[in-house]
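Chain by chain, the residues:
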Amino acid sequence: MNYIIGGTASRSVAEDLTKILKGKLVNITSKRFPDNELYVRILDDIKGKDIIIVQTTYPDPNIIELFLLQNAVEEAGAKSISIVIPYYGYARQDTKFQEGEPISAKALAELISKSADKVITVDPHKEYILDFFSTSAVSCSAVPEIAKYLIVKKIDMVLAPDKGAVDRAKKASKIINCDFDYMEKTRIDGTTVEIKPKNLDSENKNVAIIDDIISTGGTMAKSIKELKKQGAKKVFVACTHGLFADNAIKKLSTAGCDEIIATDTIISDYSRVKIAPSIAKLF
Ligand code: R5P
């Protein structure tokens with residue numbers, strides 16, 4: 001039987017996973033010392049047990065909590081430790097874009113690997129970041145669950161915001177049974193990007209744009225505006241990881257978005273799709 005620990009960022013995902021895997025949710029306590037340092041304690045006996053820790057590594061305090069939980073589990077004499085990271089924060093700094101930078105995705109992976117027999121994450125920004133872990137690391141995709149959610153919305157077309165993400169749109173379109181395509185990004189100058197649909201007719205259609213991450217909402221907002229300009233009926237934006245930084249939600253609404261859909265890899269008001277069923281398939 002799996003013994004499952006939910007970190008602060010992913011408690012509900014851990015609960016869902018416990019139900020699906022028919023495991024046991026481990027009782028823990030997590031609080032702050034007066035100086036704001038974190039204290040965690042595992043309250044159940046987990047010696048010799050197979051443990052799954054579920055924790056998104058965003059925002060930063062959740063990374064520390066994950067490290068402390070990993071150490072507590074190791075100290076308690078668990079048989080095996082699997083780490084489920086619904087949203088792997090720092091994945092976008094996956095290379096040295098400029099001299100002097102760290103490879104943040106690698107730095108974090110190396111530390112997590114120290115006390116892990118297996119790592120599972122969801123729709124990593126680039127699949128090759130899994131190689132940064134020195135332990136076994138695999139990923140699953142939220143796209144099938146997002147597509148299932150979209151079926152009742154009568155979607156005529158699924159779009160990827162750029163060519164690189166077209167496989168995701170194709171996968172969703174097969175489940176929804178509709179067309180798919182991708183948007184074309186054209187760089188106007190150093191700071192301006194134009195986004196327009198490539199050879200497609202969105203007039204009077206319900207369109208869903210699917211991306212891995214919505215951060216500032218800039219990419220999606222430009223895509224929505226373009227689609228609405230071309231006469232799209234409804235535009236849904238869906239992502240696996242809804243960071244919604246800055247004024248993302250306002251930006252999306254102002255652009256004319258009809259619904260914002262994210263999963264619960266990062267818990268927000270827009271977490272309409274549960275990720276646990278996709279993760280559970282990897283156990
Ligand atoms: C980029 O490669 C990602 O897939 C997303 O398109 C990007 O992170 C979205 O960022 P923003 O919401 O800030 O436009």
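Residues numbered from 1 in each chain as written. Predicted model: local features only at pLDDT ≥ 70, side-chain atom pairs only at ≥ 80, totals over all residues. Heavy atoms only, no water.

Caption draft 1: The arrangement of the packing of helix α2 (residues 61-75) against helix α3 (residues 104-113) in detail. Two numbers describe how α2 lies on α3: the axes approach to 10 Å, and their chain directions differ by 25°. Put simply, α2 runs roughly parallel to α3. Together, Ile63, Leu66, Phe67 and Gln70 of α2 and Leu108, Leu111 and Ile112 of α3 make up the contact between the two elements. Split into classes, the residues belonging to the contact of α2 with α3 amount to six nonpolar, one polar and no charged. (Axes fitted to C-alpha atoms, helices over the stretch in contact; angles between N-to-C directions. Helix = DSSP H or I, 4+ residues; strand = E, 2+ residues; numbered from the N terminus. Parallel < 35°, antiparallel > 145°, perpendicular 65-115°, else oblique. Contact = heavy atoms within 4.5 Å. Nonpolar A, V, L, I, M, F, W, Y, C, P; charged D, E, K, R; others polar.)

Caption draft 2: Main features of the environment of Ala248. Following the sequence through the fold, Ala248 ends up in helix α7 (residues 248-255). Separated by 228 residues in sequence, Ala248 and Ile20 have C-alpha atoms that sit 33 Å apart. Excluding its chain neighbours within four sequence positions, the residues that come into contact with Ala248 are Ser215, Thr216 and Gly217.

Caption draft 3: Highlighting the pairing of strand β6 (residues 80-85). Of all six residues making up β6, five are buried, and the element is well covered by its neighbours. The parallel pair strand β5 (residues 50-54) and β6 is bridged by α2, and the resulting crossover is right-handed. With four bridges connecting them, β6 and strand β7 (residues 118-122) associate as parallel partners. By the bridge assignment, Ile83 is partnered in β7 with Val119. One crossover worth recording links β6 to the parallel β7 by way of α3, and it is right-handed. (Buried < 20%, exposed > 50% of the residue type's maximum accessible area, 1.4 Å probe, protein only. Right-handed = clockwise from strand over helix to strand, strands pointing away. Pairing = 2+ DSSP bridges.)

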